Amino acid sequence: LQSGHHEPRFFPESKPLKSHYDVVIIGGGGHGMACAYYLAKEHGITNVAVLEQGYIGGGNTGRNTTIVRSNYLTPEGVKFYDASVKLFEDLADDFDLNIFYSTRGHFTLAHTDSALRTMRWRAEVNKHYGIDSEVVDRQIIAQEVPYMDLDCAGHSPVMGALYHAPGAVARHDAVAWGYARGAYQRGVEIHQKTRVTAIRTQGGRVVGVDTDRGPIQCQKVISMVAGSTPRITEMLGLRTPIEIFPLQACVSEPVKPFMDTIVVSGSLHVYVSQSSRGELVMGASVDPSVLHSTRSSFDFVEGLADKMLDLFPFMSRMKVMRQWAGMSDITPDFAPIMGKTPVEGFYLDAGWGTWGFKATPISGKTMAWTVANDQMHELIQPFRYSRFADFDLVGEKGAASVGH
Ligand code: PYC
């Protein structure tokens, strides 16, 4: 380095927009960055612009509770998320960046006979596809999570749990930034504070996008915008059954490490893990009504604390440090919508509801393959746009951590 010249830590300010790109990705979250990365790395497609209306990872990528798991209910879901966990496990090496990937083990508590039945069902499907999941009894839970009140203050005692050893947490910003840096180093342009205002088509195929920084010509556009999906699909008159619900979360003050595992209760609508900084990262179910808003509420923390204290009474004096909300785009079958659409050259990666972070690597990889080959990748074929019209849903509600 010449003296006085400092290398930018990740990448420099973006240049002016070019008038043409081969591919435009709308949304600079984890999914958008992962797709850009795999387009460049695995398909040599580098004339790509990622357009982000805010800042990198500022949407749902930076608002989730960072849980990674593959203990889904359907064979389609299990195979898809298993491929994602495998990519996650090597991501730090791939990026040469610490993403704080930490395998913790994941307990999904069952408080009723019917919940226990669903756990058994999930365990059997998981095992069939080689995923490490099993139903465990109260004794094992007591041994692994000794600080939890299994009687739940007498309200709804824990009867057993689905235990998923590969369950993990990772630093969500690092995942987005790792992908962003890798994409940038291979020639992808990343434009923050750039809002798409229209998608132009001619004869049923994409020819460009308009942005608040000027027009761009392109043959392929990928929407990877989570809670803003309806705003984008409306530009093309495309109908989806997606509805947007706020999902709120919070962290406690940092405390000494004591919680090794991830604990989820769909019946009580809580999930919690301890971050590498010592904060308890906690969340609940989605808010009860459709709302396009990222405002967090006192109702949320009050309701969450009520349930958390049933399980962990000793937390009663712990302070909540921060709370926030994201916008979840939820489909009727609780599975994503991925791949090609009826508009030629327009690809959709949406419907990530409350389960999108864990799919970041595999959604990026399979969407990049689909766009490069203009053909649906086999892992995402079940999640195609047309499945609602075909009455071929992928019912994953029983595997959503969050009660709905
Ligand atoms: O799908 O694991 C999950 C999850 C945890 C919190 C929200 N979703």
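Engineer: Can you lay out a negative patch on the surface for me, pointing to particular residues and giving the numbers?
Structural biologist: Among the surface-exposed residues, Glu89, Asp90, Asp93 and Asp96 lie close enough to one another that they form a single negatively charged patch. Inspection of the secondary structure assignment puts Asp96 in the loop between helix 2 (75-95) and strand 4 (102-103). Of the residues examined, Asp96 reaches a relative accessible area of 67% and is grouped as exposed.

Engineer: Just give me the short version of the nonpolar core, but keep the residues and values in it.
Structural biologist: Counting residues in hydrophobic clusters, the biggest one holds 71 residues, and the most contacted among them are Ile25, Leu39, Phe80, Tyr179 and Ile222. If we ignore the near neighbours within four places in the chain, the residues touching Ile222 are Val23, Val24, Ile25, Ile26, Cys35, Leu39, Tyr347, Met367 and Val371.

Engineer: Kindly report on the state of the cysteines, identifying the contributing residues and their values.
Structural biologist: According to the stated counting rule, one finds zero disulfides in the structure shown. The thiol of Cys152 is not disulfide-bonded; the next cysteine sulfur, from Cys250, is found 18 Å away. By relative accessible area, Cys152 is classed as buried at 0%.

Engineer: I'd like to hear about the sheet that holds strand 16 (residues 270-274), residue by residue, with values.
Structural biologist: Strand order in this open sheet of eight strands is 6-7-5-15-16-17-14-18, and the pairing throughout is mixed. The open sheet is flanked by strand 6 (133-136) and strand 18 (320-330), the only strands paired with a single partner. Sheet twist, expressed as the mean angle between neighbouring strand axes with direction ignored, is 20°. Here four bridges tie strand 6 to strand 7 (residues 160-164), and the two strands are oriented antiparallel to one another. Paired with Val136 across the strands is Ala161, a residue of strand 7. Contacting strand 5 (106-110), strand 6 and strand 7, helix 3 (residues 113-128) runs over the sheet at an angle of about 150° to strand 6. Strands strand 5, strand 14 (243-252), strand 16, strand 17 (280-286) and strand 18 of the sheet are contacted by helix 7 (residues 298-311), whose axis makes an angle of about 110° with strand 17.

About the cut-offs
Residues numbered from 1 in each chain as written. Predicted model: local features only at pLDDT ≥ 70, side-chain atom pairs only at ≥ 80, totals over all residues. Heavy atoms only, no water. Patch = residues over 30% accessible without salt bridge, like charges linked within 9 Å, V, L, I, M, F, W, Y side chains within 5 Å. Areas by Shrake-Rupley, 256 points an atom, 1.4 Å probe, with all protein chains shown as cover. Salt bridge = Lys/Arg side-chain N within 4 Å of Asp/Glu carboxyl O. Lys, Arg positive; Asp, Glu negative; His and termini not counted. Charge placed at Lys NZ, Arg CZ, Asp CG, Glu CD. Helix = DSSP H or I, 4+ residues; strand = E, 2+ residues; numbered from the N terminus. Buried < 20%, exposed > 50% of the residue type's maximum accessible area, 1.4 Å probe, protein only. Core = buried A, V, L, I, M, F, W, Y, C linked by side-chain atoms within 4.5 Å. Contact = heavy atoms within 4.5 Å. Disulfide = S-S within 2.5 Å. Pairing = 2+ DSSP bridges. Axes fitted to C-alpha atoms, helices over the stretch in contact; angles between N-to-C directions.

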